[in-house]
Amino acid sequence: MVFGYSTNAFVKYSLFEAVEKIAALGFGGVEIMADRPHLYPPDFDDHRLNQLATLLGELGLTVTNLNSFTLFAVGDTYLPSWIEPERSRREMRIAHTRHCLQMAKRLGCANISVPPGGPLPPGMARAEAMTFFLHGLEAVIPLAESLDVRILVEPEPDLLIERTSEFKPFIETVQSPQVGLNFDIGHFFCAGEDPAAAFKELFEWVGHVQLEDIAANREHNHLITGHGAIDFEALFATMQQLGYRGDISLELYPYTDTPEAAGRQSLAHIRPLLEAAGLPI
């Protein structure tokens with residue numbers, strides 16, 4: 001198990017600077033934002049990608065996940081999405097996912113995380129949106145299978161798939177083991193669930209875990225761990241009981257002004273809890 005820190009808290013720095021700062025904090029891994037200002041595929045030719053791989057090796061950092069969720073380079077946090085009415089917009093998301101799969105393979109990363117469809121467009125029925133999402137995944141699954149890189153869908157508040165009761169029927173229709181779940185602890189808490197119970201129910205599909213804290217009011221706002229209401233002890237105990245040995249990434253994108261302090265505080269809070277649960281990092 002490797003504990004990484006997402007570069008999306010370091011958008012005021014270049015990717016190379018972010019990676020160096022994350023290593024200096026004591027993290028063993030890094031989750032890389034596959035978007036500007038970091039690892040947006042069209043911006044990285046073979047030479048730059050090799051430079052990045054060399055730096056990661058020198059710093060001893062594992063790439064825990066390629067975060068392919070946002071598309072600020074051509075849109076915003078959610079758009080272009082898998083479920084927009086315009087085919088050209090959906091194709092942009094599909095193309096981005098293919099490029100991210102290829103970059104993950106180059107960097108020795110086992111998985112990429114993707115949004116769960118997207119925001120439901122006005123007037124679109126849920127069934128139609130789910131059909132678009134499944135068709136989009138069908139377009140990228142063959143590449144994921146050939147590269148042996150997993151596509152991890154990340155449920156999120158206010159998107160097509162938010163909670164356990166929505167993810168299970170979705171994943172049961174997908175006919176490939178290369179599609180799984182990016183389990184963001186805070187998102188399930190925001191959706192009104194107990195993260196430990198949700199993790200247990202969805203464990204067979206979990207390929208990577210993201211963590212942050214969330215306030216008791218369950219507002220979707222990522223906090224430094226220990227500053228909210230999530231019961232990390234219960235969750236880590238469940239992870240240990242189930243035998244989870246995948247990687248974990250800290251995601252604190254609201255802290256762009258103080259990413260190092262936020263990461264340092266969170267690492268100091270989480271490391272002893274993981275060790276107490278028998279999940280050393």
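Attention in this report is confined to the structure presented alongside it. (Residues numbered from 1 in each chain as written. Predicted model: local features only at pLDDT ≥ 70, side-chain atom pairs only at ≥ 80, totals over all residues. Heavy atoms only, no water.)

Turning our eyes to something else, we now look at the pairing of strand β4 (residues 111-114). By the alternation rule, side chains of β4 split into N111 and S113 and I112 and V114, which are all buried. Note that strand β3 (residues 62-67) and β4 share 2 bridges and pair parallel. Along β4, the bridge assignment pairs L66 with I112. Note on the crossover from β3 through helix α3 (residues 87-106) to β4: the handedness is right-handed. (Buried < 20%, exposed > 50% of the residue type's maximum accessible area, 1.4 Å probe, protein only. Helix = DSSP H or I, 4+ residues; strand = E, 2+ residues; numbered from the N terminus. Pairing = 2+ DSSP bridges. Right-handed = clockwise from strand over helix to strand, strands pointing away.)

A separate point is the nonpolar core. Grouped together as the largest cluster of nonpolar side chains are 88 residues, with contacts concentrated most on Y5, I32, L39, F133, F170, F183 and F236. If one sorts the elements of this core by residue count, helix α4 (residues 126-147) sits on top with 10 residues. Sequence-distant contacts of L39, defined by excluding residues within four places in its chain, comprise L15, I32, M33, A34, F44, L49, L52, L66, M103 and L107. (Core = buried A, V, L, I, M, F, W, Y, C linked by side-chain atoms within 4.5 Å. Contact = heavy atoms within 4.5 Å.)

Of the volumes computed, that of the largest pocket is approximately 270 Å³. For the lining of the largest pocket, the per-class residue count stands at 6 nonpolar, 7 polar and 3 charged. (1 Å grid on protein atoms, 1.4 Å probe; cavity = no way out; pocket = protein on both sides within 12 Å on 5 of 7 lines; lining within 4 Å. Points joined across faces, edges and corners; volume = space filled by probe spheres on them. Nonpolar A, V, L, I, M, F, W, Y, C, P; charged D, E, K, R; others polar.)

This part covers the sheet that holds strand β8 (residues 248-250). What the 8 strands build is a closed barrel, ordered β1-β2-β3-β4-β5-β6-β7-β8; its pairing is parallel. Going across the sheet, the axis of each strand differs from the next one's by a mean of 30°, ignoring polarity. Contacts from helix α7 (residues 195-202) reach β6 (179-184) and β7 (206-211) within the one sheet, and its direction differs from that of β6 by about 170°. (Axes fitted to C-alpha atoms, helices over the stretch in contact; angles between N-to-C directions.)

Between two packed helices, what matters for the description is the angle formed by their axes and the separation of those axes. It is the contact of helix α1 (residues 15-25) with helix α2 (residues 46-59), at a shortest axis distance of 10 Å, that shows an interaxial angle of 10°. By the angle between their axes, α1 is roughly parallel relative to α2. For the pair α1 and α2, contact is made by L15, F16, V19, E20 and A23 and by R48, Q51, L52, L55, L56 and L59, respectively. Here the residues of the contact of α1 with α2 are counted per class, giving 8 nonpolar, 1 polar and 2 charged. (Parallel < 35°, antiparallel > 145°, perpendicular 65-115°, else oblique.)

Most of β3 sits inside the fold, with 5 of its 6 residues counted as buried. Sheet analysis places strand β2 (residues 29-33) next to β3, joined by 5 bridges and oriented parallel. Across the sheet, V30 pairs through a bridge with V63, a residue of β3. Following the chain from β2 across α2 to the adjacent parallel β3, one finds a crossover that is right-handed.

As a further point, take unusual backbone geometry. In the segment running from R36 into P37, the intervening peptide bond is cis, with an omega of 15°. Mapped onto the secondary structure, P37 falls in the loop between β2 and α2. For D158, which is not a glycine, the phi torsion comes out positive at approximately 75°. Mapped onto the elements of the fold, D158 is located in the loop between β5 (150-153) and α5 (164-171). On the basis of relative accessibility, which here comes to 66%, the residue D158 falls in the exposed class. With a phi angle near 65°, R218 is a residue other than glycine that sits in the positive phi range. Position of R218 relative to the elements: it lies in the loop between β7 and α8 (232-242).

What follows deals with the packing of aromatic side chains. Tallied over the entire structure, the rule returns 14 aromatic pairs. Taking the centre distance of 6.3 Å and the plane angle of 55° together, the rings of F10 and Y13 count as tilted. For F10, a relative accessible area of 0% puts it in the buried group. Classification of Y13 by relative accessible area gives partly exposed; the value is 28%. Between F167 and W205, the ring centres sit 6.3 Å apart and the planes meet at 70°, which makes this aromatic pair edge-to-face. (Phe/Tyr/Trp six-rings, centres within 6.5 Å; stacked < 30°, edge-to-face > 60°.)

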